[in-house]
Structures are given as structure tokens and as C-alpha cells.
Amino acid sequence: MGKTIFSKIISREIPADIVYETESVLAFRDINPQAPVHILIIPKIEIPTIKEIKGAEHAKLLGELVEAANKIAEAENISENGFRLVFNCGSNGGQEVYHLHMHLLGGRQMKWPPG
Ligand code: DGP
């Protein structure tokens, strides 16, 4: 698969508002925010979708993505009131960028079911 826009954000070829970074994870503000806080949390390795996730191989990485979300939610002051984490997968899931990413959304009341 070709390089996605998120790989170019990881390599700093294109700019992003980066809010968190570790050796394995990067987080930056969504360019088209759907909530007062809308941050994308991504692994630095290229995994196209959540379908490629294997427990034995990726358990640590997934834990790091969720840990990043919790830390960012604290830093953004949305932890106490709660927030939403979303993985869109494939066409029906509404996925546009085929580099695995978790959406962290907060700062307003979320609705259910989602659109
Ligand atoms: P998804 O539909 O789950 O694949 O979400 C992709 C998200 O990525 C979408 O909410 C918009 C965001 N996005 C797309 N291109 C860029 C970009 O160049 N920079 C940033 N910060 N976000 C982007």
C-alpha cells in the first residue's frame, strides 16, 4: 500500500498539530473536527485497518493507543465528563485514511446511535 497522509505526518513531510508522541504512537488534532476536542491517535507502524490487528502481535500497541487517549483526555480536560473513542473500518465504517487511527472525541455530549 502507498504512503498515506498519516505516514507523511509521522515523517514530518506535512504539518500537523501534534499533541502527544511516544516511540510507537503519535497523536494530532483532526483537520475536520467533529467535537471541541477531536484528536487522532495512530501507531507509527503502518497498519491499514483494525482488521489487521492480531492479539499476540499488537496487544501492547493497542494498550499504548488507549493509554495515549487517556493521557490526552486528561490534558484536554475532557476526562472527567467522558469522551468517545472510535475506530472506523473500511467503506461502510466510514474510513477514509488507510492508516489505523483511533478518534478521541470530547468536549460535548455525544449522541447514540452515531450517524
Ligand atoms: P476516517 O474517516 O476514520 O478515516 O478519519 C480520517 C480523519 O482524518 C478525518 O476525520 C479527517 C482527518 N484527516 C484527513 N487528512 C488529514 C490531514 O492531513 N491532517 C489532519 N490533521 N487530519 C486529517
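Residues numbered from 1 in each chain as written. Predicted model: local features only at pLDDT ≥ 70, side-chain atom pairs only at ≥ 80, totals over all residues. Heavy atoms only, no water.

> Hey, could you go over the site of the ligand for me, with residue numbers and the actual values?
In the vicinity of the ligand, 16 residues are found, and the nearest of them are Asp30, Gly94, Glu96, His101 and His103. Arg29 places a main-chain nitrogen or oxygen 2.9 Å from a nitrogen atom of the ligand. Contact with the protein chains hides 86% of the accessible area of the ligand, taken as 510 Å² for the molecule alone. Taking a 2 Å distance to the grid points as the criterion, the majority of the atoms of the ligand fall inside the largest pocket. Elements with a contribution of two residues or more to the shell around the ligand: α1 (5-10) and β2 (25-29). Looking at the shell around the ligand element by element, the count peaks at three residues for α1. Considered class by class, the residues forming the shell around the ligand number eight nonpolar, five polar and three charged. (Near = heavy atom within 4 Å. Polar contact = N/O pair within 3.5 Å; in protein donor to acceptor, adjacent residues only side chain to side chain. Areas by Shrake-Rupley, 256 points an atom, 1.4 Å probe, with all protein chains shown as cover. 1 Å grid on protein atoms, 1.4 Å probe; cavity = no way out; pocket = protein on both sides within 12 Å on 5 of 7 lines; lining within 4 Å. Sits in = over half its atoms within 2 Å of the grid points. Helix = DSSP H or I, 4+ residues; strand = E, 2+ residues; numbered from the N terminus. Nonpolar A, V, L, I, M, F, W, Y, C, P; charged D, E, K, R; others polar.)

> Explain the nonpolar core to me, using residue names and the numbers behind them.
Counting residues in each nonpolar core, the largest one holds 18 residues, and the members touching the most others are Val25, Ile39, Ile41 and Ile72. When contributions to this core are tallied by element, the ones reaching two or more residues are β2, β3 (37-43), α2 (55-75) and β5 (102-106). Broken down by element, this core gets its largest block of residues, six residues, from α2. Excluding residues that lie within four positions of it along the chain, Val25 makes contacts with Tyr20, Ile41, Ile42, Lys44, Leu61, Glu64, Leu65 and Ala68. (Core = buried A, V, L, I, M, F, W, Y, C linked by side-chain atoms within 4.5 Å. Buried < 20%, exposed > 50% of the residue type's maximum accessible area, 1.4 Å probe, protein only. Contact = heavy atoms within 4.5 Å.)

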